[in-house]
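Analysis of the macromolecular model
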Amino acid sequence: MMIRSLAVPPSDADVDAWTAVLAAAQGADLPQLPPPSRVEVAGRLCVAPARGRAALWAADEGAGVAGLLLFTDETNAHTAFLDVLAVRPDARRRGVGTALWQRVREELLAQGRTSVSTLVDLGSPGQAFAESLGFENVLPMAWYVQDVPRQQPDPEPAPGYELLTWHGLVPEEWAQAAAVAHGAMEDAPMGDVDEQFEAWSAGRLHAAYQLILDRGGEITTVAAVTAQGEVAAYTELVLPDPAGPRALQYDTVVVPAHRGHGLGLAVKRGMLASAARRYPALARIATTVADENTPMLRVNEALGYRRERGTGYFQLKL
């Protein structure tokens, strides 16, 4: 089995082949999902990640692909994230996945990494393969989905707060306050994931958002702010392909000092109203929530989210 390393960024032909592998694998394993968009795939492959260095591999004749993110920030230089390892259904059980994993493992060891994590759908062929390699589920989660209602009223936040909506980068005058609010993610459930939080700054926030834009996507933030200039809560919606039918709900955070005022529900309702107006083709929003994150599960239930499938943050110590 020949496995070749791909240049970063890869050629158009390699992007096409990668997209075809993902479409075939997803069509077999998750037929309820829309096929991956080439815009999204090309963006992830061709634009360098903000937090690290990508390594890409492809098997002979488009049989399979693997992509690895090697973190370069000092606090996480010991670990990495396996972004994808997919094999076309008609090429499975021929050693393709094992050959790809061997190249991934060699790179991890060569770079001095002591752990690697990945997101795995429960009950899928990927779970059986990951567990055969020694991966363990260190953070049980699930995907939840919500249909986008076309008629969504603008919410009224609690007294003392105002809802602001930002498309693209956070405005400079709010960037530092938004970065401070992002730091509140540190108390989100993380199980035994061997990855440390990196401190947020206005610069890091802009870089993370700019990456989404550079990859061809769009991001919208709805924030609950105070008259004193604080970002008390926020939620983020990302469309990897703005023309596609499915969006991803990224972080939703309420800063501890502002909890108990219904701000999590308010910013999410504000996001729904904004998305319904801005994206007429958008039909569904998906998000992951850790099983132990009871407060966010309650908020999502109130909004009409329903569980789609179980997943987990799987990790291997090398």
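Below or above, wherever it landed, is the structure these notes cover.

The next point concerns the environment of Leu 318. Mapped onto the fold, Leu 318 is located in the segment after β12 (306–317). Through-space distance from the C-alpha of Leu 318 to that of Leu 109 is 7.9 Å; in sequence the pair is 209 residues apart. When near neighbours in sequence (up to four residues on either side) are disregarded, Leu 318 contacts Arg 105, Leu 108, Leu 109, Arg 113, Thr 114 and Ser 115.

Scanning all chains against the criterion turns up three aromatic pairs. Between Trp 101 and Phe 135, the ring centres sit 5.6 Å apart and the planes meet at 65°, which makes this aromatic pair edge-to-face. In this pair, Trp 101 is assigned in helix α3 (residues 96–110) and Phe 135 in the loop between α4 (125–133) and β6 (136–147), connecting sequence segments 34 residues apart. You'll find Trp 101 and Phe 135 in the same group, each marked buried.

Bringing the environment of Leu 316 into the picture now. Tracing the sequence through the fold places Leu 316 in strand β12. Put simply, Leu 316 and Thr 118 are 198 residues apart on the chain and 8.9 Å apart in space, counted from C-alpha to C-alpha. Apart from residues lying up to four places away in sequence, Leu 316 is in contact with Trp 101, Thr 114, Ser 115, Val 116, Leu 133, Gly 134 and Phe 135.

Here the focus is the packing of helix α7 (residues 263–278) against helix α8 (residues 294–303). Contact pair α7 / α8: the axes reach a minimum separation of 10 Å and the direction vectors enclose 40°. The orientation of α7 with respect to α8, classified from their angle, is oblique. Relative to α8, the crossing made by α7 is right-handed. Along the contact surface, α7 presents Gly 264, Leu 265, Lys 268, Arg 269 and Leu 272, while α8 presents Met 296, Val 299, Asn 300, Ala 302 and Leu 303.

So, about the environment of Tyr 305. Structurally, Tyr 305 is set in the loop between α8 and β12. The exposure class of Tyr 305 is buried, given its relative accessible area of 8%. Between the alpha carbons of Tyr 305 and Val 116 there is a distance of 30 Å; along the sequence they are 189 residues apart. When near neighbours in sequence (up to four residues on either side) are disregarded, Tyr 305 contacts Tyr 144, Val 145, Gln 146, Gln 249, Lys 268, Ile 285, Thr 287 and Asn 300. A polar side-chain atom of Tyr 305 sits 3.2 Å from a polar atom in the side chain of Gln 249.

This part takes up unusual backbone geometry. The step from Val 8 to Pro 9 runs through a cis peptide bond, and the omega angle for that step is 5°. Inspection of the secondary structure puts Pro 9 in the loop between β1 (3–6) and α1 (12–29). Phi at Glu 61 is positive, roughly 55°, even though this residue is not glycine. Among the structural elements, Glu 61 can be located in the loop between β2 (52–59) and β3 (64–71). Look at Glu 61 and you get exposed, because its relative accessible area is 79%. In this model, Arg 93 sits at a positive phi of 65°, which is unusual for a non-glycine residue. The topology assignment puts Arg 93 in the loop between β4 (80–87) and α3.

Let's shift gears to the pairing of β12. Both faces of the sheet carry side chains from a regular strand, because those side chains alternate between them. As judged from the seven bridges shared by strand β5 (residues 115–121) and β12, these two strands associate in the antiparallel manner. Its bridge partner being in β12, Asp 121 is matched across the sheet by Thr 311.

This part takes up the side chain of Thr 235. With respect to the secondary-structure elements, Thr 235 resides in strand β9 (residues 231–239). Taking the relative accessible area as the measure of exposure, Thr 235 reaches 0% and is therefore buried. If sequence neighbours within four positions are ignored, Thr 235 has contacts with Thr 220, Thr 221, Val 222, Gln 249, Asp 251, Thr 252, Val 267, Lys 268 and Met 271.

Among the structural elements, Asn 76 can be located in the loop between β3 and β4. On the basis of relative accessible area, Asn 76 is assigned to the buried category, the value being 0%. Beyond its immediate sequence surroundings of up to four residues, Asn 76 is in contact with Arg 51, Phe 71, Arg 113, Glu 195 and Gln 196.

In a packed pair of helices, the relevant descriptors are the angle between the two axes and the axis-to-axis distance. It is the contact of α1 with helix α2 (residues 38–46), at a shortest axis distance of 10 Å, that shows an interaxial angle of 120°. By the angle class used here, α1 and α2 are oblique. In this structure, α1 crosses over α2, and the sense of that crossing is right-handed. Two secondary-structure elements touch here, α1 through Asp 12, Val 15, Asp 16, Trp 18, Thr 19 and Leu 22 and α2 through Arg 38, Val 41, Ala 42, Leu 45 and Cys 46. Of the residues in the contact of α1 with α2, the class split is seven nonpolar, one polar and three charged.

Rules behind the numbers
Residue numbering note: each chain is counted from 1, following its sequence as written. pLDDT decides what is reported in this predicted model: residues at 70 or higher carry local features, side-chain atom pairs at 80 or more are listed and counted, and totals for whole chains, interfaces and linings draw on all residues regardless. As a rule here, side-chain values come from all non-hydrogen atoms in the structure, and water together with hydrogens is ignored. The secondary structure listing takes helices from DSSP runs of H or I that are at least 4 residues long and strands from runs of E that are at least 2 residues long, numbered from the N terminus. The contact definition used throughout considers only heavy atoms, calling two residues in contact when any of these lie within 4.5 Å. Stacked, tilted and edge-to-face are the three classes assigned to paired rings of Phe, Tyr and Trp, where Trp is represented by its six-membered ring and a pair needs centres within 6.5 Å; plane angles under 30 degrees give stacked, over 60 edge-to-face, the rest tilted. Only protein chains enter the accessibility calculation, which uses a 1.4 Å probe; a residue whose area is less than 20% of its type maximum is buried, one above 50% is exposed, and one in between is partly exposed. Throughout, an axis means a line fitted to C-alpha atoms (over the contacting stretch in the case of helices), and angles, computed between N-to-C directions, take values from 0 to 180 degrees. Roughly parallel means an angle under 35 degrees; roughly antiparallel means over 145; roughly perpendicular covers 65 to 115; every other angle is labelled oblique. A clockwise turn of the near helix away from the far one marks a right-handed crossing, whereas an anticlockwise turn of less than a right angle marks a left-handed crossing. In protein, a polar contact requires one atom able to donate a hydrogen and another able to accept it; more generally it is a pair of N or O atoms within 3.5 Å, and residues adjacent in sequence count only if both atoms are side-chain atoms. Strand pairing requires that DSSP identify at least two bridges connecting the strands. Side-chain classes follow a simple rule in which Ala, Val, Leu, Ile, Met, Phe, Trp, Tyr, Cys and Pro form the nonpolar group, Asp, Glu, Lys and Arg form the charged group, and the remainder, Gly included, forms the polar group.

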